[in-house]
Amino acid sequence: MEQDIIIVGGGAAGFFTAINAAENDPYARITILERGKEVLNKVRISGGGRCNVTHAEFLPKELTRNYPRGEKELRGPFHSFMTGDTIEWFEKRGVPLKIEEDGRMFPESNSSQSIIDLFLNETRRLGIKILTKRAVQDIQKGEKWQVFTSQEAFTAEKILIATGSNPKMWKMLEDLGHTIVPGVPSLFTFNITDKRIKDLPGVATPAMVKIKGGKLETEGPLLITHWGMSGPAILKLSAWGARELSDRKNFEIEVNWVHGLEKDEIFDQLQELKMNHGKQQPYKNAQFELPKRLWQSLVAAANISEEDKWADLNKKQMEELAGQLSSGIFQVHGKSTFKEEFVTAGGVELKEVNFKRFESKIHKNLFLAGEVLNIDAVTGGFNFQNAWTGGFLAAKAMTE
């Protein structure tokens, strides 16, 4: 079967490329090959079924700071197509987006089905073929590209690989001469068993977190869960520390619960409380805007009883409490995938890609978009923005 453009991978990047390419060149014969029974699975489950389309960050340099891998490479592409363009693209096609307090952007419908329906309607309107249960078994370069599935063979002038972190496809790209950076999990939560947080699932508060003995430090809301810790502060740490932590099941983190204050500054404030509120019981009066249950747990961890008054505390107890607040050490004994949003660090080496076109530097007319590249982001809509930008620029280059 002869086509102009073959797109391998029926996910976000694949569909976005196909639709933009067909709009640029209405006569192009375009086929999407998907190995599974259904297309757009990751879109369906993203954001708890609401699809976190992008993030309300409108400066390219600021936007790139959310990509542990790909920060430098995406700066140029984001000047060509980024958040504002994404919002306009979806709104023009009848799917307006809304901004939530934390900057994440979702369809106003609050349903990922709006995005899926839009993509499927557009592919029908533009005459793009979608073939499911078509696992690609081999790709060869002759005068044209040849793509072999279990059922048929295709030839095409141009191909785009948008298969995410699929090891089989990475192996095929390696056979074609590309370097593959091995994949490791990127977004994960920390499994922690510790009596200080044992009875606090659901408690959330801003915190600074770092890996003990390392330089990596993040900040943001931290969520205590039944199995340990999650929330943006932990997920950012897991993304930026993906390689460092890939072969470590057990490690320690240091948590500063009092955003930005050092131990000696906290100690000074505790001294003031002792002087000015000597008759109050620390246990009953939460300080530093901390959730009451968390404060009480940290007070107990500093060997301060429920009956103790500020005036009763000795220097050792005060120092222990300042330490619990500024630099509590927690033992991590495993990692869990963040919901269904499995993100992998790894993929095609970025030096081998022309990011003006998202085209391979090794093979002309071989294009790559989305997580097949060694690009990944923190949670919040950034991985989808990479897919939209790559798909848009690849489509433009393929139809010039």
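Look up: the structure comes first, before these words.
Please read these numbers as outputs of a predicted model, since none were measured by experiment.

J.: I'm lost on the sheet that holds strand β15 (residues 251-256) in this one. Help?
T.: Note: strands within a sheet are paired through backbone hydrogen bonds, in either parallel or antiparallel orientation. Strand order in the open sheet formed by seven strands is β16-β15-β12-β13-β14-β11-β17, with antiparallel pairing between adjacent strands. In this open sheet, the two strands that pair with only one neighbour each are β16 (328-332) and β17 (335-337). Averaged over neighbouring strand pairs, the angle between their axes works out to 40 degrees when direction is ignored. Both strand β13 (residues 217-224) and strand β14 (residues 228-230) contribute to a ladder of two bridges, which runs antiparallel. Opposite Leu223, over in β14, you have Ser230 as the bridge partner. The strands touched by helix α8 (residues 232-240) within the sheet are β11 (188-191), β12 (204-211), β13, β14 and β15, with β13 carrying the most contacts at an inclination of about 135 degrees.

J.: Just to check I follow, could you spell out unusual backbone geometry for this structure?
T.: Its identity as a non-glycine residue notwithstanding, Lys133 has a phi of 55 degrees, on the positive side. Summarising the element assignment, Lys133 is placed in the loop between β6 (129-131) and β7 (136-141). One non-glycine residue, Phe358, adopts positive backbone phi at about 55 degrees. Along the chain, Phe358 falls in the loop between β19 (353-354) and β20 (359-360). The exposure class assigned to Phe358 is buried, which follows from its relative accessible area of 0%.

J.: How should the environment of Phe188 be read in this particular structure?
T.: With respect to the helices and strands, Phe188 occurs in strand β11. Here Phe188 falls in the buried class, since its relative accessible area comes to 4%. Between the C-alpha atoms of Phe188 and Lys335, which are 147 residues apart in sequence, the distance is 6.1 Å.

J.: Can you help me understand helix α6 (residues 112-125) in this one?
T.: With 14 residues, α6 should reach 20 Å at 1.5 Å per residue; the first-to-last C-alpha distance of 20 Å fits that figure. Those residues of α6 that sit buried are Ser112, Ser114, Ile115, Ile116, Leu118, Phe119, Glu122 and Thr123. The N-terminus of α6 is capped by Ser111, whose side-chain oxygen sits 3.1 Å from the backbone nitrogen of Gln113. With its phi angle positive at about 75 degrees, Gly127 sits one or two positions after the end of α6.

Basis of the calculations
Counting of residues starts from 1 at the beginning of each chain's written sequence and follows it residue by residue. The model is predicted, so local features are restricted to residues of pLDDT at least 70 and side-chain atom pairs to those at 80 or more, both for listing and for counting; the totals for chains, interfaces and linings are taken over all residues. Values reported for side chains reflect all heavy atoms of the structure, with hydrogen atoms and water molecules removed beforehand. At least two DSSP bridges between two strands are needed for those strands to be called paired. Only DSSP runs of H or I reaching four residues or more are called helices, and only runs of E reaching two or more are called strands; each is numbered from the N terminus. Only the contacting stretch of a helix is used when fitting its axis, a line to C-alpha atoms as for every element, and angles between N-to-C directions run 0 to 180 degrees. Every residue pair with non-hydrogen atoms within 4.5 Å of one another is taken to be in contact. Only protein chains enter the accessibility calculation, which uses a 1.4 Å probe; a residue is then buried when its area is under 20% of its type maximum, exposed when over 50%, and partly exposed in between. The length a helix should cover is 1.5 Å for every residue beyond the first. Within 3.5 Å is the distance limit for a polar contact, defined as a pair of N or O atoms, with the added protein rule that one can donate a hydrogen and the other accept it, and that residues adjacent in sequence qualify only through two side-chain atoms.

Just distances and angles here, no functional claims.
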